[in-house]
Amino acid sequence: MAVTKRSIKTVGLVVKRERPEAIKIARILTRFLRGKHKTPIADSETAKKIGAEAVERHHLADRADLIVVLGGDGTLLGVARLVASEGIPILGVNLGGLGFLTEVTIKEARAALGRVLNGDYEVDRRIMLEAIVERASEEMAQTFQAFNDVVVGKGPLGRMLQLDVFANRMAFCSYRADGLIVATPTGSTAYALAAGGPIVYPTLNAIVLAPICPHTLSNRPVVLPDTYQIEIHVKAPDHDTTFTVDGQESAQLGPADIIRIHRARHFVSLIRSAHPYFEIWRDKLHWG
């Protein structure tokens, strides 16, 4: 689906502050943006270090026409959840080599930003997941947004879980495992990949279900349409089950809690780099 390109006047810079090279390149980009008569903004602490206009982090989505992330994939995940509802395009700059999400290298950052400001770019619309946790002990449900994955896993005591899973209200599988990963195509190269899941082309409309160390070896990862709603019933004798979103938000689950997962209404708009996906896969996975 084509994405309408917006006029870019204000650029939000999200910087991994503990990395000196990130601050250095952020200063360069800030000067570059001012030279192009654009307004660079950043959170208060970062703004002082790079010379940008200070805003509260949660107001980035209100002010920015473009977000530039200087960090790793983890930094971008948090930003994506923050701005996805506004459809703000994100340009990811990786501080090391190529990342699966932050695909632009430091050396390419200024030129890549210049192309975006000139309107010379393409945007990928990546699906997100919405997870609703319905607790047996509470009336109010909790809602989470995930860009990579939703993970239901065993707690610190390490007991194997039993998870009854339904897809589109049909019985799908009863897992006895250390946990279950429900991932987007974007998240297929994260935890799901480590659990033996497939690599899914990132713009496909699909959901990956990958069990973690299943007791039954025939329980294999599967790919389902993203139109399906996934329902997970937790069967545990106590609160020894964890629920994690993108590896960044977590909660404890109780016995008889239910998680309902479906494609979110909003998409993440990622600016495509000059590197084809296959090149990134070869580089990150050392395919040669």
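Everything that follows concerns the structure shown earlier in this document.
Small disclaimer: the values here were computed from a predicted structure and weren't measured.

### A short note on the overall build of the protein chain
A tally of helices and strands in the protein chain yields seven helices and 17 strands. Relative to a compact globule of 288 residues, whose C-alpha radius of gyration would be 19 Å, the protein chain shows 20 Å and is just as compact. A principal-axis box enclosing the C-alpha atoms of the protein chain has dimensions of 60 × 45 × 35 Å. Per-residue burial over the protein chain gives 53% buried out of 288 residues. Contacts spanning at least 24 positions in sequence make up 65% of the contacts within the protein chain whose residues lie at least 6 apart.

### Side note on unusual backbone geometry
Despite not being glycine, His-37 shows a phi value in the positive range, around 60°. Note that His-37 resides in the loop between helix H1 (20-35) and strand E2 (39-43). Given a relative accessible area of 74%, His-37 falls into the exposed group. Backbone geometry at His-286 places phi at a positive 55°, although glycine is not the residue there. Take His-286: it is sitting in the segment after helix H7 (277-285). Assessed through its relative accessible area of 69%, His-286 is described here as exposed.

### Examining the nonpolar core
If you look at the biggest cluster of nonpolar residues, it comprises 30 residues, and the most contacted ones within it are Leu-66, Val-68, Leu-70 and Leu-113. The greatest single-element share of this core, amounting to seven residues, is contributed by H1. When neighbours within four sequence positions are excluded, Leu-70 is seen to be in contact with Leu-13, Val-14, Val-15, Lys-16, Ala-22, Ile-25, Ala-26, Leu-29, Val-93 and Leu-95. If you look at the next biggest cluster of nonpolar residues, it comprises 27 residues, including Leu-129, Leu-161, Ala-167 and Val-182.

### Overview of the sheet that holds strand E15 (residues 241-245)
The strand order across the open sheet formed by six strands is E13-E12-E11-E8-E15-E16, and the pairing between neighbours is antiparallel. In the strand order of this sheet, the two ends are held by strand E13 (222-225) and strand E16 (249-253), each with one partner. With strand direction ignored, the average angle separating the axes of adjacent strands in the sheet is 20°.

### Description of the packing of H1 against helix H5 (residues 109-117)
Angle between the axes and distance between the axes are the two parameters that describe a pair of packed helices. Here H1 crosses H5 at 30°, and the two axes come no closer than 10 Å. The handedness of the crossing between H1 and H5 is right-handed. Note on element contacts: H5 touches H1 through Ala-109, Arg-110, Leu-113, Gly-114 and Leu-117, opposite Ile-25, Ile-28, Leu-29, Phe-32 and Leu-33. For the contact of H1 with H5, the class distribution of residues is eight nonpolar, one polar and one charged.

### Digging into the layout of surface pockets
Put simply, the second largest pocket is a space of about 180 Å³. In terms of residue count, H5 provides more of the lining of the second largest pocket than any other element does, three residues in total. Its residues assigned to classes, the lining of the second largest pocket comprises seven nonpolar, one polar and four charged.

### Digging into a positive patch on the surface
A cluster of basic side chains, namely Arg-27, Arg-31, Lys-36, Lys-49 and Arg-110, defines a positive patch on the protein surface. By the secondary structure assignment, Lys-36 is in the loop between H1 and E2. Since its relative accessible area comes to 41%, Lys-36 is described here as partly exposed.

### Things to note about the environment of Ile-212
Note that Ile-212 resides in strand E12 (residues 206-212). By relative accessible area, Ile-212 is classed as buried at 10%. A C-alpha to C-alpha distance of 8.6 Å links Ile-212 and Ala-192, two positions 20 residues apart in sequence. Excluding residues within four positions of it along the chain, Ile-212 makes contact with Val-151, Ala-177, Asp-178, Gly-179, Leu-180, Ile-181 and Tyr-191.

Criteria and thresholds
- Residues numbered from 1 in each chain as written.
- Predicted model: local features only at pLDDT ≥ 70, side-chain atom pairs only at ≥ 80, totals over all residues.
- Heavy atoms only, no water.
- Helix = DSSP H or I, 4+ residues; strand = E, 2+ residues; numbered from the N terminus.
- Rg over C-alpha atoms; globule rule 2.2 N^0.38 Å.
- Buried < 20%, exposed > 50% of the residue type's maximum accessible area, 1.4 Å probe, protein only.
- Contact = heavy atoms within 4.5 Å.
- Core = buried A, V, L, I, M, F, W, Y, C linked by side-chain atoms within 4.5 Å.
- Pairing = 2+ DSSP bridges.
- Axes fitted to C-alpha atoms, helices over the stretch in contact; angles between N-to-C directions.
- Left-handed = near helix turned anticlockwise from the far one by under 90°.
- Nonpolar A, V, L, I, M, F, W, Y, C, P; charged D, E, K, R; others polar.
- 1 Å grid on protein atoms, 1.4 Å probe; cavity = no way out; pocket = protein on both sides within 12 Å on 5 of 7 lines; lining within 4 Å.
- Points joined across faces, edges and corners; volume = space filled by probe spheres on them.
- Patch = residues over 30% accessible without salt bridge, like charges linked within 9 Å, V, L, I, M, F, W, Y side chains within 5 Å.
- Areas by Shrake-Rupley, 256 points an atom, 1.4 Å probe, with all protein chains shown as cover.
- Salt bridge = Lys/Arg side-chain N within 4 Å of Asp/Glu carboxyl O.
- Lys, Arg positive; Asp, Glu negative; His and termini not counted.
- Charge placed at Lys NZ, Arg CZ, Asp CG, Glu CD.

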